[in-house]
Amino acid sequence: MNYKYTTSLKKIRSLKKRVRAVIGGSSAGKSISIIIILIDKCIKNPGLEVSVVSQSIPHLKKGVNRDFIKLMKDTGRYIDTNYNKTTMKYTFSNGSFIEFFSVEDESRVRGARRDVLWVNEATDINWETYLQLSIRTNKAIYMDWNPSHKFWYYTELQDRDDVDEITLTYRDNEALNQDIIS
C-alpha cells in the first residue's frame, strides 16, 4: 500500500475538539488517516486505551481491522504475539492498545471505558449506542461516515461547541491510485 502524508491526514490531525467528525466519500482517505493517527497516539502515549467500533464483526474484519493490520505490517511495526485474534486487540510494547469490537450486542458498549474512541461508519450505529460509548470515553472521539443520508449526528451533535467537523473528498487523498480516479 502507498502511504503518504496526505491532505486528508493533515486535515484530520488538525481537529482538536473532543468530537472529531470526518465526513467523506469513497477513497477520501478517512480510514487510513485515522488509523495512522491512532497508531501514532498509541506509540507516543504509554497505556493509552483505544476502542474502534463498527456495526458488525464482519464489517470490522473486512474494513478497518484489515487496514490496521496491513498498515502495521507494511510499516514494520506489527508483532504477531501482540495481536489477540480472538478479541481483536493489539497491545503495543508500552501498554497502549487498540481494540476492535462491534456494537451489535448493546451490552458490549456498557461498562468498559477508554481514552479514545473511533466510531467507524457512524451512520450504521444508533444514537443510544453512541451516547453510551461517548460517556465512557475520556479524551477524543473520532467518527466517520460517507455522506449518503442525514442521521442523528446532524440533530444531536453537529452544532455543539465540542465538535470539529470536516468533509473530505478523493482530491484530499494524494495516495490514491490514479487509475481509480480516471
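Structure: see above.
To keep things clear, this report deals only with the structure shown in the data block. (Residues numbered from 1 in each chain as written. Predicted model: local features only at pLDDT ≥ 70, side-chain atom pairs only at ≥ 80, totals over all residues. Heavy atoms only, no water.)

## Topic: the sheet that holds strand 6 (residues 116-119)
And step 1. One open sheet accounts for eight strands, arranged 3-4-5-2-6-7-1-8; its pairing is mixed. Of all strands in the sheet, those with a lone pairing partner are strand 3 (83-84) and strand 8 (163-168), marking the two edges.
And step 2. For strand 1 (residues 19-24) and strand 8, the ladder comprises six bridges, and the chain directions are parallel. Looking at the pairing, V22 lines up with I166 of strand 8.
And step 3. Together, strand 1, strand 2 (49-54), strand 5 (97-102), strand 6, strand 7 (141-145) and strand 8 form the strand contacts of helix 2 (residues 30-44), whose direction differs from that of strand 7 by roughly 165 degrees. (Pairing = 2+ DSSP bridges. Helix = DSSP H or I, 4+ residues; strand = E, 2+ residues; numbered from the N terminus. Contact = heavy atoms within 4.5 Å. Axes fitted to C-alpha atoms, helices over the stretch in contact; angles between N-to-C directions.)

## Let's talk about helix 2
And step 1. Taking 1.5 Å per residue as the helical rise, helix 2 with its 15 residues ought to reach 21 Å, and the 21 Å between its terminal C-alpha atoms agrees with that figure.
And step 2. Inspection of helix 2 places K30, S31, S33, I34, I35, I36, I37, L38, I39 and C42 among the buried residues, and these make up the whole buried set. (Expected span 1.5 Å × (residues − 1). Buried < 20%, exposed > 50% of the residue type's maximum accessible area, 1.4 Å probe, protein only.)

## Points about the side chain of N65
And step 1. Residue position: N65 is located in helix 4 (residues 64-74).
And step 2. What makes N65 buried here is its relative accessible area of 7%.
And step 3. Among the polar contacts made by the side chain of N65, one reaches the side chain of Y83 at a distance of 3.1 Å. (Polar contact = N/O pair within 3.5 Å; in protein donor to acceptor, adjacent residues only side chain to side chain.)

## Considerations on the environment of Y5
And step 1. Within the secondary structure, Y5 is located in the segment before helix 1 (7-13).
And step 2. As a C-alpha pair, Y5 and I36 span 31 residues in sequence and 9.9 Å in three-dimensional space.
And step 3. What Y5 contacts, discounting residues up to four positions off in sequence, is K10 and R13.

## With respect to unusual backbone geometry
And step 1. In this structure, S27 takes a positive phi of about 70 degrees despite not being glycine.
And step 2. Along the chain, S27 falls in the loop between strand 1 and helix 2.
And step 3. Here the phi dihedral of E121 falls at roughly 55 degrees; this positive angle occurs in a residue that is not glycine.
And step 4. When you line up the elements, E121 lands in the loop between strand 6 and helix 5 (127-134).

## Some words on the pattern of salt bridges
And step 1. Applying the stated criterion across every chain yields a total of six salt bridges.
And step 2. Here R13 makes a salt bridge to D40, at a shortest N to O gap of 3.5 Å. A residue pair is termed long-range when its members are at least 10 positions apart, and R13 in helix 1 and D40 in helix 2 qualify at 27 residues.
And step 3. In this structure R13 comes out as partly exposed when scored by relative accessible area, which is 29%.
And step 4. Among the residues examined, D40 registers a relative accessible area of 22% and is labelled partly exposed.
And step 5. With a closest N to O distance of 3.3 Å, K44 and D40 form a salt bridge. Placement of the pair is K44 and D40 together in helix 2, with a separation of four residues, close to one helical turn.
And step 6. On the basis of relative accessibility, which here comes to 60%, the residue K44 falls in the exposed class. (Salt bridge = Lys/Arg side-chain N within 4 Å of Asp/Glu carboxyl O.)

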